[in-house]
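Here is what each chain is made of, one letter per residue.
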Amino acid sequence: MGLRLPSKVLEHILSFIDSNEDRNSVSLVCKSWFETERKTRKRVFVGNCYAVSPAAVAKRFPGMRSLTLKGKPHFADYNLVPDGWGGYAWPWIEAMAAKCPSLEEIRLKRMVVTDECLEKIAASFKDFKVLVLTSCEGFSTDGIAAIAATCRNLRVLELRECIVEDLGGDWLSYFPETSTSLVSLDFSCLDSEVKISDLERLVSRSPNLKSLKLNPAVTLDGLVSLLRRAPQLTELGTGSFAAQLKPEAFSKLSEAFSNCKQLQSLSGLWDVLPEYLPALYSVCPGLTSLNLSYATVRMPDLVELLRRCSKLQKLWVMDLIEDKGLEAVASYCKELRELRVFPSAPDLDEANIPLTEQGLVFVSKGCRKLESVLYFCVQFTNAALLTIARKRPNLKCFRLCVIEPFAPDYKTNEPLDKGFKAIAEGCKDLRRLSVSGLLSDKAFKYIGKHAKKVRMLSIAFAGDSDLMLHHLLSGCESLKKLEIRDCPFGDTALLEHAAKLETMRSLWMSSCFVSFGACKLLSQKMPRLNVEVIDEHPPETRPESSPVERIYIYRTVAGPRMDTPEFVWTIHKNPEIGVSHLAIK
Amino acid sequence: MSPEEELQSNVSVASSSPTSNCISRNTLGGLKEHNYLGLSDCSSVGSSTLSPLAEDDKATISLKATELTLGLPGSQSPARDTELNLLSPVKLDEKPFFPLLPSKDEICSSSQKNNASGNKRGFSDTMDQFAEAKSSVYTEKNWMFPEAAATQSVTKKDVPQNIPKGQSSTTNNSSSPPAPKAQIVGWPPVRSYRKNTLATTCKNSDEVDGRPGFGALFVKVSMDGAPYLRKVDLRSYTNYGELSSALEKMFTTFTLGQCGSNGAAGKDMLSETKLKDLLNGKDYVLTYEDKDGDWMLVGDVPWEMFIDVCKKLKIMKGCDAIGLAAAPRAMEKSKMRA
């Protein structure tokens, strides 16, 4: 009776649909659409590698060309997840090698990747093209060498902020002389020196090379020689600028840069001395992205550089830029979309940098296209937040880190509730929010109520009680990832809103007051959640009412994972114990 | 055998039996009879042996009335105490496990002290408690379970008074360099990659504007047979013993079941002698590469000199390290220092 689209027609239609969210919706329509969609999906994204089994994914999407996986929780970046927690890439590589040999691209974030994995990748995927590892660990330069040596058509090899066992710079020489396909190479996180002649030859024979990010071991001379061979670069991560400034070295550098007429993105600059900055002036007018966040350059040298960057869209910088510098950015960099200001001395007590909330206010007022902010600052005010919200309702990502935990508005001594209320209410498209400073439960009432599109929320040292979590879990319709540390909420809100947790990717809670008993209850009540307790000791050695140090809860169709280390306790669902005894509310 | 050790052995025995308990590992045979909620069962093995801790676990939470009480009707729902005093009266053989937040009580009471507009906390009150708890517990290590707390001094430290308060500007006592703020793990949320990189570049290049480096001195630590490296901040330790403990913890997954690894009860402290035995005597030896590129046994020189010259650390198999220095000599020197 019903009209049925021939699958060929449906396939053709689906070829126009790229977004995985849309494809997920398509696959829910009916069985035949599910089948057609799964056979035609090329890019697969798995936000939590434990949410689904590798075999299931491989089976469902046999035509996969690109796989993106994320492993550890985000707070692993800040040392809150002990080593050995998990996030192993191997089961995925193994499964894909068996079922999806036409896989070409693998992108992994916060996962443990071993040399074995890399060798397997090299050996299994004949047309492998793209490997991007972000914040990964567990492998050595030997694994990289295997990739370089074996993947004939390798286009992209990027190691972003990985912890790599560096056995030397030989890996680079494993790129065969016949390999000419390289488009992007990023080895900035490696320590060892590579042979510059090998690198020069590689660059010379790679006409498609657009992005090159060097490690600090590459000298200025090396940089100059490479730039000469690759003037077509659009993205450059420099090596070290530590050499003594000599006039002829400087002019060679300047000249090399001025020949790179297509350069749009610049990073590295680890130890750049202010005297070298003028060598960069020629590329500034074309730059859309500038990462100075490792450059210990101060004002006014920073301004001299930045005022020439009229097309800048993305700026990462340290607080050495000061309010003054941000004022300049606000007036010169009118195209700015993303600003990140990192602390130059996060652990010291010297709060002497003149960077205050005013800097961010300047930029919010002057840069109309600003939509993404990460800002570290010692203290803040509600007034500033109100201004930012008023001026920039188009903000999509707002991460404010007030470095002093519990710091109130330093002018009025009030909590920052009003300020974050304004952000949540005013910035209707806000996708990601990180809050800090002194915040009461009220702040979370506002956030819960107004932040309808927030998908990721990070909270530390905030709130007064269970109400805080209650507000968040009963509001925040789009919430997918919630990470909380050191907040005084407990079991009630968590258990009350257990169902919400299945609509989210994950919930991380550390140093809160959630009891082990509640974890058990939650796990029993929610069959499709893995409730993992991270604790050195078996949780039963303590009373069930005692708070658990760290909990990671995530939805999954793969059941409890089998690779937990000794300090991670997955709370099993016990079929004998029903939920009839529960007395919530 | 102390009750705690007995408990541990119960745990390990029971782990192989497929009991119907809710935990995926190490189930306690003795807890079979508890109701599924299992709470406030003073008769349960767990709470009786650790009763001092349980009793200390009292706190009032303002929403007590609405709080889910997990327990049989009529039984007292144990309230939780998270007072930081948990640290100080703790005996060394019991591990405090949550030296965390200032207790809610303190937060509430200090906010009542201040006037009504909003939740004004006595900023230095809360920070003091943080500092006391955290300064003895948290350092920038990867493994941060509070086991370390049991082995370090547990007395309340003098908190430097130059922590900036909410309102006043940051006026530090200028003459002496301000004591470093109590470090909270993972705060501020800056990636360790960034911290390490900044620290390294500062070490390599000259001091910026005469400011000293960022206070951290990261060196890589590798271990024979381990799949990956670590980095440690040498300045976060004050002697070889601390370094040894930290390294032992970090690499404990790779060593073959030494000293009962993390099951060891607290009183079995990671003493310097024991670790020396472990690292120097039998299986593994701790070595370092100095500024001249030579590999030396760790422990040969005074600590201050060591952190100045050490570029890299490596945990080698004992047999591989024979040529480095006569082990008895190194031990002798360390004993002299201890």
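Since the model is a prediction, treat every value here as computed from it, not as a measurement. (Residues numbered from 1 in each chain as written. Chains lettered and ligands numbered in written order. Predicted model: local features only at pLDDT ≥ 70, side-chain atom pairs only at ≥ 80, totals over all residues. Heavy atoms only, no water.)

### Observations regarding the overall build of chain B
The secondary structure content of chain B amounts to eleven helices and five strands. When burial is assessed residue by residue, chain B has 48% of its 338 residues classed as buried. Considering only contacts within chain B whose residues lie at least 6 apart along the sequence, 54% involve residues at least 24 apart. Entry remark: accessible area of chain B is about 16200 Å², with carbon and sulfur atoms responsible for 53%. (Helix = DSSP H or I, 4+ residues; strand = E, 2+ residues; numbered from the N terminus. Buried < 20%, exposed > 50% of the residue type's maximum accessible area, 1.4 Å probe, protein only. Contact = heavy atoms within 4.5 Å. Areas by Shrake-Rupley, 256 points an atom, 1.4 Å probe, with all protein chains shown as cover.)

### Quick word on the overall build of chain A
Within chain A one finds 20 helices and 23 strands. The proportion of buried residues among the 585 residues of chain A is 64%. The long-range fraction of contacts in chain A, counting pairs at least 24 apart against all pairs at least 6 apart in sequence, stands at 71%. For chain A, the exposed surface amounts to about 21400 Å²; the carbon and sulfur share of it is 52%.

### Things to note about the pattern of salt bridges
Residue and element names in this part refer to chain A. Applying the stated rule across the entire model yields 37 salt bridges over all chains. In this structure, E357 engages K411 in a salt bridge whose closest nitrogen and oxygen atoms are separated by 3.8 Å. Of this pair, E357 sits in helix α13 (residues 357-366) while K411 sits in the loop between β16 (397-402) and α15 (417-426), placing them 54 residues apart in sequence. By relative accessible area, E357 is classed as buried at 4%. Given the relative accessible area of 55%, K411 is considered exposed. The partner of E544 in a salt bridge is K520, and the shortest N-O contact between them spans 2.4 Å. (Salt bridge = Lys/Arg side-chain N within 4 Å of Asp/Glu carboxyl O.)

### Structural notes on the pairing of strand β1 (residues 218-223) of chain B
Residue and element names in this part refer to chain B. In terms of residue burial, β1 counts as a mostly covered element, since six of its six residues are buried. Across the two faces of β1 the burial is the same, with F218, K220 and S222 and V219, V221 and M223 all buried. Taken together, the four bridges between β1 and strand β2 (residues 230-233) define a ladder with antiparallel strand orientation. Paired with V219 across the bridge in β2 is V232. Looking at chain direction, β1 and strand β5 (residues 312-317) are connected through four bridges and run parallel. Among the inter-strand pairings, S222 is bridged to a residue of β5, identified as K314. (Pairing = 2+ DSSP bridges.)

### Details of the nonpolar core
Ranked by internal contacts, the top residues of the largest apolar core, which has 208 residues, are M96(A), L290(A), F380(A), F398(A), I459(A) and L482(A). Look past the residues within four positions of F398(A) in its chain and what remains in contact with it is L360(A), V373(A), L385(A), I388(A), F420(A), I423(A), L430(A), R432(A), L433(A) and S434(A). In this structure, Y237(B), L247(B), M250(B) and Y284(B) belong to the second largest nonpolar core, which totals 24 residues. (Core = buried A, V, L, I, M, F, W, Y, C linked by side-chain atoms within 4.5 Å.)

### Concerning the environment of E35(A)
All names here are of chain A. For E35, the position within the fold is in helix α3 (residues 31-40). Classification of E35 as partly exposed rests on a relative accessible area of 31%. Residues E35 and R60, 25 residues apart in the sequence, show an inter-C-alpha distance of 8.7 Å. A polar contact of 3.2 Å, which involves the side chain of E35, links it to the side chain of R38. (Polar contact = N/O pair within 3.5 Å; in protein donor to acceptor, adjacent residues only side chain to side chain.)

### Here we look at the sheet that holds strand β4 (residues 295-297) of chain B
Residue and element names in this part refer to chain B. On the basis of which strands lie adjacent, the open sheet formed by five strands has the order β2-β1-β5-β3-β4 and mixed pairing. Strands with a single pairing partner mark the edges of an open sheet, and in this sheet they are β2 and β4. Going from strand to strand, the sheet's axes swing by 35 degrees on average, the running direction of each strand aside. In the packing of helix α8 (residues 240-250) onto the sheet, contacts are made with β1, β2, β3 (284-289) and β5, and the angle to β2 comes to roughly 155 degrees. (Axes fitted to C-alpha atoms, helices over the stretch in contact; angles between N-to-C directions.)

### A word on the side chain of Q232(A)
Residue and element names in this part refer to chain A. As for its placement among the helices and strands, Q232 is situated in the loop between α9 (220-229) and β10 (235-237). One polar contact links the side chain of Q232 to the main-chain carbonyl oxygen of L209, over a distance of 3.0 Å. The contacts of Q232, once residues within four sequence positions are left out, are S206, P207, L209, K210 and Q262.

### So, a positive patch on the surface
Residues and elements named next belong to chain A. Side chains of K334, K365, R368, R390 and K391 sit close together on the surface and give a patch of like positive charge. Mapping R390 onto the fold places it in helix α14 (residues 382-391). Among the residues examined, R390 registers a relative accessible area of 58% and is labelled exposed. (Patch = residues over 30% accessible without salt bridge, like charges linked within 9 Å, V, L, I, M, F, W, Y side chains within 5 Å. Lys, Arg positive; Asp, Glu negative; His and termini not counted. Charge placed at Lys NZ, Arg CZ, Asp CG, Glu CD.)

### Notes on α8(B)
For an α-helix, 3.6 residues make a turn, and residues three or four places apart therefore share a direction. Most of α8(B) is tucked away, with ten of its eleven residues classed as buried. Buried within α8(B) are the following residues: Y240(B), G241(B), L243(B), S244(B), S245(B), A246(B), L247(B), E248(B), K249(B) and M250(B).

### Brief notes about the confidence of the model for chain A
Of all residues in chain A, 96% have pLDDT values of 70 or greater, and the mean over the chain is 92. Confidence drops under pLDDT 50 across residues 575-585 of chain A; counting only partners more than four residues distant or on other chains, this segment forms 14 contacts. (pLDDT = per-residue confidence, 0-100.)

### So, the packing of α13(A) against α14(A)
Residues and elements named next belong to chain A. At their nearest, the axes of α13 and α14 sit 9 Å apart, and the two run at 15 degrees to each other. Taken together, the axes of α13 and α14 are roughly parallel relative to one another. Along this stretch, α13 crosses α14, giving a crossing that reads as left-handed. Judged by residue contacts, E357, L360, V361, S364 and K365 of α13 engage A384, T387, I388 and K391 from α14. A breakdown of the residues in the contact of α13 with α14 according to their chemical character gives four nonpolar, two polar and three charged. (Parallel < 35°, antiparallel > 145°, perpendicular 65-115°, else oblique. Left-handed = near helix turned anticlockwise from the far one by under 90°. Nonpolar A, V, L, I, M, F, W, Y, C, P; charged D, E, K, R; others polar.)

### Section: the packing of aromatic side chains
What describes a pair of aromatic rings is the distance from one ring centre to the other and the angle between the planes of the rings. Residue and element names in this part refer to chain A. On inspection of all chains with the given rule, the structure shows 22 aromatic pairs over all chains. Taking the centre distance of 6.1 Å and the plane angle of 55 degrees together, the rings of W508 and Y552 count as tilted. With W508 in strand β20 (residues 506-510) and Y552 in strand β22 (residues 550-555), the pair connects residues that are 44 residues apart, well separated along the chain. Y552 matches W508 in its accessibility class, with the two residues each being buried. (Phe/Tyr/Trp six-rings, centres within 6.5 Å; stacked < 30°, edge-to-face > 60°.)

### Let's talk about the packing of helix α6 (residues 115-124) of chain A against helix α7 (residues 141-150) of chain A
Residue and element names in this part refer to chain A. α7 packs onto α6 with a crossing angle of 5 degrees between their chain directions and a minimal axis gap of 8 Å. Overall, the two elements α6 and α7 adopt an arrangement that is roughly parallel. For the pair α6 and α7, the contacting residues are D115, L118, E119, I121 and A122 in the first and D142, G143, I144, A146, I147 and T150 in the second. Looking at the contact of α6 with α7 residue by residue, the class counts come to six nonpolar, two polar and three charged.

### Observations regarding the pairing of β16(A)
All names here are of chain A. Counting buried positions along β16 yields six of six residues, so the element is predominantly enclosed. Side chains C397, R399 and C401 of β16 all project onto a buried face; the interleaved residues F398, L400 and V402 project onto the opposite face, where all are buried too. As for the winding sense of the linkage, the β-α-β connection from strand β15 (residues 372-377) through α14 to β16 is right-handed. Pairing of β16 with strand β17 (residues 432-435), which is carried by three bridges, proceeds in the parallel orientation. Looking at β17, one finds that C397 is bridged to R432. Once the chain exits β16 it traverses α15 before rejoining the sheet at β17, and the crossover so formed is right-handed. (Right-handed = clockwise from strand over helix to strand, strands pointing away.)

### What about the state of the cysteines?
All names here are of chain A. One pass over the structure, following the stated rule, counts zero disulfides over all chains. The cysteine C377 is free of any disulfide, with C401 supplying the nearest cysteine sulfur at 9.5 Å. Take C377: its relative accessible area is 3%, and that puts it in the buried class. With no disulfide of its own, C487 lies 5.3 Å from the sulfur of C512, the closest cysteine sulfur. Relative accessible area serves as the criterion here: at 0%, C487 is assigned to the buried category. (Disulfide = S-S within 2.5 Å.)

### Things to note about a nonpolar patch on the surface
All names here are of chain A. Residues L5, V9 and I13 make up a contiguous nonpolar surface patch of about 220 Å² in total accessible area. Within the secondary structure, L5 sits in the segment before α1 (7-14). The partly exposed category is assigned to L5, whose relative accessible area is 39%.

### Comments concerning a negative patch on the surface
A surface patch of like charges, here negative, comprises E94(A), E116(A), E119(A), D142(A) and D170(A). Position of E119(A) relative to the elements: it lies in helix α6.

### Overview of the environment of K311(A)
Residues and elements named next belong to chain A. You can see K311 is positioned in the loop between α11 (301-306) and β13 (314-318). Residue K311 is classed as partly exposed on the basis of its relative accessible area, which comes to 48%. Along the backbone, K311 and L336 are 25 residues apart, and their C-alpha atoms lie at a distance of 7.7 Å.

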